[in-house]
Amino acid sequence: MHCIGRGEGVWLPLMSIGLGIVGAGTVARLHAGAAVKAGMRLVGICDVDAPRAETLAAEHPGAMATATLDELLTRNDIAAVVVAVPNVHHKQVTLAALRAGKDVLLEKPMAMNTAECDEIIEVAAQTDRIVQMGFVCRCAPAAAAARDIVTAGTIGRIYHAKASLYRRRGIPGLGRWFTTKSQSGGGALMDVGVHLIDLVLHLTEFPTPTRASAVCTSTFGDPIGGYGFEEMWGGPPDPDGVFDVEDAATALVRFGDGMSMELNVTWAVDLPEAALRDAVVLLGDRGGCVVDIWNNELIVTGHQGNRLVDAQSDLPGDNAWDSAWQTQHERFRRCVSERSAPAASAREGRAVQTLIDALYRSAGQGQEVAVESVG
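I will try to describe carefully the structure that is included in this document.

Analysis parameters
Each chain has its residues counted from 1, following the order in which its sequence is written. Since the coordinates come from a predicted model, pLDDT governs what is reported: local features require at least 70, and pairs of side-chain atoms require 80 or more to be given and counted, while whole-chain, interface and lining totals use all residues. The side-chain values count all of the structure's non-hydrogen atoms but skip hydrogen atoms and water molecules. Strands were regarded as paired on the criterion that DSSP finds at least two bridges between them. A run of DSSP states H or I qualifies as a helix once it reaches four residues; a run of E qualifies as a strand once it reaches two. Both are numbered from the N-terminal end. Should any heavy atoms of two residues lie within 4.5 Å, those residues are counted as being in contact. Between N-to-C directions, angles cover 0 to 180 degrees, with each direction set by a line fitted to C-alpha atoms, over the stretch in contact for helices. By this rule, a helix spans an expected 1.5 Å times one less than how many residues it contains. Whenever two N or O atoms come within 3.5 Å, that pair is a polar contact, provided that in protein one can donate a hydrogen and the other can accept it, and provided that, for residues adjacent in sequence, both atoms are side-chain atoms. Relative orientations are named as follows: roughly parallel for angles under 35 degrees, roughly antiparallel for angles over 145 degrees, roughly perpendicular for angles from 65 to 115 degrees, and oblique for any other angle. Handedness of each helix crossing follows the sense of rotation of the near helix against the far helix: counterclockwise by less than a right angle gives left-handed, clockwise gives right-handed. The nonpolar class holds Ala, Val, Leu, Ile, Met, Phe, Trp, Tyr, Cys and Pro. Asp, Glu, Lys and Arg form the charged class, and all remaining residues, Gly among them, are polar. Put simply, buried Ala, Val, Leu, Ile, Met, Phe, Trp, Tyr and Cys residues joined by side-chain atoms within 4.5 Å make one nonpolar core. Here the term buried applies to any residue with accessible area under 20% of the maximum for its type, exposed to any over 50%, and partly exposed to those in between, with areas from a 1.4 Å probe on protein chains only.

### What to know about the sheet that holds strand β11 (residues 248-255)
So, step 1. Spatially, nine strands are ordered β16-β15-β14-β13-β9-β12-β11-β10-β17 in an open sheet, and the strand pairing comes out mixed. Two strands close off the open sheet at either side, each with one partner strand: β16 (307-312) and β17 (369-370).
So, step 2. Along the sheet, helix α6 (residues 141-151) makes contact with β9 (158-166), β13 (279-284), β14 (287-292) and β15 (297-304), crossing β15 at roughly 20°.
So, step 3. In this fold helix α10 (residues 346-365) packs onto β10 (209-217), β11, β12 (260-266) and β17, with an angle of close to 55° to the strand it touches most, β10.

So, in structure tokens, the structure goes:
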């Protein structure tokens, strides 16, 4: 029996949650380790690549590799499921898990488009099951501290956000599903852009986007054999594979409350190391802040009379990456056990996807477009 604190000085016991993972790739491996650290029991792992599922299961005593998704979902000792498969399968696997009575931690992006998100939300309501989105960046210490600062009104009304993430040579699984639009739905915007969009929306109380403009470019992945990578998330390059998605995106979003957001993401760019900072920058009418989640840094600027004063927050821990993943699973474990609100809801996943859809539509049309309803 493990305990998680809830409220000052109050400790409530949580039942042991049996967890299944659908997928056994790199992201699934991260989920497995974080879930175990968070006190869950890893019971089953399913993957179309059976040896890969067996390898991951062997790393966690008590876990078994199952041959099919149905076999995993019919196990009574599994209460919740992590969906960590290629984007094209998110809807299918999530619906099957919900209808089997399992709560779901669904990796980002929620689905291939907003219509698929609506199907997931509908079935979750019908089955009275929980869907928590895998927006792990929210759970980083710097993001949590920034949320507290914004909620407290420390920097006032936020009128602009700038969100950036630059990989220098990091196209994931080049030639494989990540870079095949029919399986991923998109490239850098769909992969890392969703994290930044969610984080900005989360920190600013999900304002309603009204207009969006985006430029998506594909520069470095063709020919695949000519790309020199520095990191290869998602497997080694497949020289005979497909690269039909963007490796960079720039966007501007207008919101109904007057706020604006600038977004810059790259999988590959020719710049000196750390020439551009990966961060979310919030500008308010009483101050501003720089949220650097993976360097575990939060810098806040405020007013002292007619002068500006910078202050760096003292954040817990020294490994923001591990902390974020474990916190994400602790929140999932709690909401499954207590039937409480998830760390990131399906409705919020849909709101992010609605904006992603608008940005791709803008890039395709070469002009600013209206953002459809995010309700």
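### Description of helix α9 (residues 320-338)
So, step 1. Between the first and last C-alpha of α9 there are 26 Å, a value that for 19 residues agrees with the 27 Å anticipated at 1.5 Å per step.
So, step 2. Its side-chain oxygen 3.3 Å from the backbone nitrogen of tryptophan 321, asparagine 319 forms the N-cap of α9.
So, step 3. Downstream of α9 by one or two residues, arginine 339 has phi in the positive range, about 60°.

### A closer look at the packing of helix α8 (residues 188-203) against α10
So, step 1. Two elements in contact, α8 and α10, have axes separated by 10 Å at closest approach and are oriented at 125°. The orientation of α8 with respect to α10, classified from their angle, is oblique. Taken as a pair, α8 and α10 cross one another with a handedness that is right-handed. Counted together, Leu189, Met190, Val194, Ile197, Asp198 and Leu201 of α8 and Val352, Gln353, Leu355, Ile356, Leu359 and Tyr360 of α10 form the full contact between these two elements.
So, step 2. A breakdown of the residues in the contact of α8 with α10 according to their chemical character gives ten nonpolar, one polar and one charged.

### Concerning the sheet that holds strand β4 (residues 41-46)
So, step 1. One open sheet holds the six strands; their spatial order is β5-β4-β3-β6-β7-β8, and the pairing between them is parallel. Two strands bound the open sheet, and with one partner strand each, they are β5 (64-66) and β8 (131-134). Across this sheet, the average inter-strand angle for adjacent strands is 25°, counted without regard to direction.
So, step 2. By the bridge criterion, four bridges tie strand β6 (residues 80-83) to strand β7 (residues 103-107) in an arrangement that is parallel. When the bridges of β7 are listed, valine 82 appears paired with leucine 105.

### Quick notes on the nonpolar core
So, step 1. Ranked by size, the top nonpolar core spans 92 residues in total, and within it Ile197, Leu263, Val280, Leu282, Val291, Leu298 and Leu359 carry the most contacts.
So, step 2. Broken down by element, the residue count for this core peaks at eleven residues, all from α8.
So, step 3. Setting aside chain neighbours within four positions, we find leucine 263 in contact with Ala163, Leu189, Leu196, Ile197, Ala249, Thr250, Ala251 and Leu359.
So, step 4. Residues Ala28, Met40, Leu42 and Leu105 belong to the second largest nonpolar core, which totals 22 residues.

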